[in-house]
Structures are given as C-alpha cells and as structure tokens.
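Commentary on secondary and tertiary structure
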Amino acid sequence: MAGGGGTNALVVHVTGARPNFPKAAPVIRALAELDVPQLLVHTGQHYDERMSEVFFRELDLPRPDVNLGVGSGTHAEQTGSIMVGLERFVIEHTPDLIIVYGDVNSTVAAALVAAKLQIPLAHVEAGLRSFDWSMPEEVNRVVTDRLADMLFVTSPDAIANLGNEGCHPNKIFFVGNPMIDTLLANIDRFDPEAARRAHGLPDKYVVATLHRPANVDKPADAQALVKAMHAVADQVDVLIPLHPRGRARLGEAGLDRHSRVRIIDPIGYVDFISAVRGAAVVVTDSGGIQEEATILGVPCLTLRPNTERPVTITHGTNRLVMRESLADQVAAALAAGRPTTWPVPPLWDGQAGRRIAEAVVG
Ligand code: UD1
C-alpha cells in the first residue's frame, strides 16, 4: 500500500456528491474482496434523497461511517466545512491512504486535508482537463492531482495531461473507468420500456440534463438555453430530470412552457440510465453522462464549449454543441439514428475497480 501500512492498512474513501457514488462503489467492493479495512466518509455535499440516498440503496454501497453534513454553500463555505470535519475524522482514525473521486468540492477538500496531514492520497479519475479555468471542477482537478500520490486514470489523454504537468510516471496508473464498471455490472437492470411507462414517453424521445453554472446560473444563459430546448421540443418529446441547481432560473425562463417538455425531479440511477438507454438522443452538460452514453451507444450532444472527456468524442458517441445549433444537431442525430457499431475507450471493460484495488494493495 502507498502508505506502507501492510495488508491491515486502513483506507478511507471520501465521497459527497452524486457523481462520486457510482465511481466509489466498484473500488470499495474490490478492496473488500481483498479484505482491506475501509471506512467511508460522506461529506453531505449532496443530501436530498434523490441526489444521494437512492444511490446507496441501488448500488449496494455500505452505509457511510460518518456523514459530515456540510450541505450547500459558497465554494469556500462548502470546501472549508468539509476540511474542518474531515480533518477531525482523519486525525481520529489515522488512515494509511485516502481515496478521492472525480472533481467536486468534496474531492479537493479531502485532497487538501490529506496533504496537510501527510496521509498518502489516491485520486480516481485523475488527469482529465477541460483547460477551462472558469469551471470550478477544473480547479478541483488540477489541485487534487498535484497533491495525489497515486493517480488512477480513465483514458490515455489523461496520462498525457499529467505528463505535461510534470507528474512522475510512477504515480500514474491507467486502470479504466470505475463508473463504467458500475454501468456494466447493472446493465440488465436498465429497462427502457419501464422508463417509457414510468414517464409517459413515446417511442422516440430525448433525455436532457442541465445543471452547469455556465448554462443555468445567469438569467440570460438560462433564457438562451430554454429557447434552444424549446426548439428541440418542437421536434421530439423531451424528458428533463432537473438538478436542483437550475430549477429556479430555468423555471423563471419558462422551461416548462412547452407541451412536449416533461420536467421531473432528479431520479435514481437505474431509472435514469434506463431512460438514457431508450433515448434517441441525450442532451447534457454533465461530465459522466458523456461517458455513460458512449458505452450505451446513444448519441450524446454536450452543451458545452469544451470537454475534459475527449475520449468520448474520439471513441464514443459524444459531440460538443452550441445552444444556437442544438435543434439542428438533434434533427441530424434523429435522422441518422443510433450507431450500430462504435469504438469503446480502452479498458472501459468493467475491471477498473479490481485494477485500482490491486494497485492499492501493491
Ligand atoms: C456539484 C459539482 C459538479 C457536479 C454536480 C453533480 C462542485 C463544484 N460541483 O455541482 O461538478 O457535476 O455536483 O450533481 O462540486 N442542492 C440541493 N440538494 C442537494 C444538493 C444540492 O437542492 O442534495 C442545490 C442547492 O441549492 C445547492 C445547489 O444545488 O446550492 C448546488 O449544489 P452544489 O453541491 O454546490 O453544486 P452542484 O451544482 O450540485
């Protein structure tokens, strides 16, 4: 183990926001199979039942050993509260390794705590770069990677990014994508027919998720986005499980004022991926959904000027789109239909959790 603590060395996982949970689940499971003692921290960054608890149930995650209960706030409030709570927990339990996931505020807060307490740190999903410093996630990624001792990467571009930043190759482990482990492990549970019935959808529909600050925080952006989504809904029914972040602004901008737009609360993992699996097209500004659509072979239009996941474009079904051209791109994707074959990124084979656990045990 990186901490040199032997086979009884203790691993602490830090999770907190919705996208962390499907990434942590296969790593926790694989370490349990190797009898590695583990503790699970939930920072409480996400706290609604449908943003957190439903994932623990559906993915069979162990109960967190502690929930720091930090909740929402400004970046400094949230990051600082996580650091204070986590520092106390880490001093009490003296882990040999802390594992963090993805690029959320819980990730960077835990990385800072580990570095200051000189606890070895592993980062799952290291090396992704959008090169867009206006994204809070980009700050979180770069800082976390700079502090990490073990960098578990999901794609070759991430290895190159870390190399360009001077990261020593000995620290980098190309392991594949643990979120795709979770997708493949649950593939038989994703039932598009059940999703159609549950949400009253016709055969052909679009699933959209919208929550990036750059798309939903300012009224002018929200209005432009609503216009683009309504132009999509002129062609096809649209299901939008709406993240709480965008609810107020998109509501004020009249997102629900179209007969073919169906806005629902966030839904659980199985329901959501079932709906994506049956969709003609996915429209999103999320990171993870670009990857999930790639494996499911569903055309994905990403409403962003850049992506930290270029492998989903070179090897998958993803394409970056502007709001102004979204409706045309949806029309083209509907006309082209689903791809029958498409390349899959290397090592996205359901074994990433096992590879990470083996590297941790060393
Ligand atoms: C966070 C991540 C983002 C990720 C997203 C996935 C950061 C900087 N951003 O963004 O990378 O894509 O999670 O969901 O960490 N809220 C609720 N209930 C909850 C959680 C949040 O209502 O359970 C609302 C609150 O109004 C809160 C807002 O959503 O202020 C934003 O939550 P926050 O965790 O700060 O960021 P996200 O937008 O969720």
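Below or above, wherever it landed, is the structure these notes cover. (Residues numbered from 1 in each chain as written. Predicted model: local features only at pLDDT ≥ 70, side-chain atom pairs only at ≥ 80, totals over all residues. Heavy atoms only, no water.)

For the rest of this paragraph, the subject is the site of the ligand. Among the 18 residues in the neighbourhood of the ligand, the closest are listed as Gln45, His46, Tyr47, Asn105 and Glu137. Contact distances for the ligand include 2.8 Å between an oxygen atom and a side-chain N or O atom of His46. At 2.9 Å from an oxygen atom of the ligand is found a main-chain nitrogen or oxygen belonging to Asp48. Coverage of the ligand by the protein chains reaches 85% of its 740 Å² of free accessible surface. Residue assignment for the shell around the ligand shows that the elements contributing at least two residues are α3 (75-93) and α11 (244-252). Of the residues that constitute the shell around the ligand, the class distribution is 5 nonpolar, 8 polar and 5 charged. (Near = heavy atom within 4 Å. Polar contact = N/O pair within 3.5 Å; in protein donor to acceptor, adjacent residues only side chain to side chain. Areas by Shrake-Rupley, 256 points an atom, 1.4 Å probe, with all protein chains shown as cover. Helix = DSSP H or I, 4+ residues; strand = E, 2+ residues; numbered from the N terminus. Nonpolar A, V, L, I, M, F, W, Y, C, P; charged D, E, K, R; others polar.)

Before going further, it helps to examine helix α13 (residues 288-296). Burial analysis of α13 places 9 of its 9 residues in the buried class, which makes it a mostly covered element. Within the span of α13, buried status applies to Gly288, Ile289, Gln290, Glu291, Glu292, Ala293, Thr294, Ile295 and Leu296. One or two steps after α13, the chain reaches Gly297, where phi turns positive at roughly 75°. (Buried < 20%, exposed > 50% of the residue type's maximum accessible area, 1.4 Å probe, protein only.)

Strand order in the open sheet formed by 6 strands is β10-β9-β8-β11-β12-β13, and the pairing between neighbours is parallel. Looking at the sheet topology across the chains shown, the edges are occupied by β10 (261-264) and β13 (318-320). Pairwise comparison of adjacent strand axes, ignoring direction, gives a mean angle of 20° for this sheet. Here strand β9 (residues 237-241) pairs with β10 via 4 bridges, running parallel. Looking across to β10, one finds that Pro241 is bridged to Ile264. Of the strands in this sheet, β8 (205-209), β11 (281-284), β12 (300-302) and β13 touch helix α15 (residues 326-336), which is tilted by about 155° from β11. (Pairing = 2+ DSSP bridges. Axes fitted to C-alpha atoms, helices over the stretch in contact; angles between N-to-C directions. Contact = heavy atoms within 4.5 Å.)

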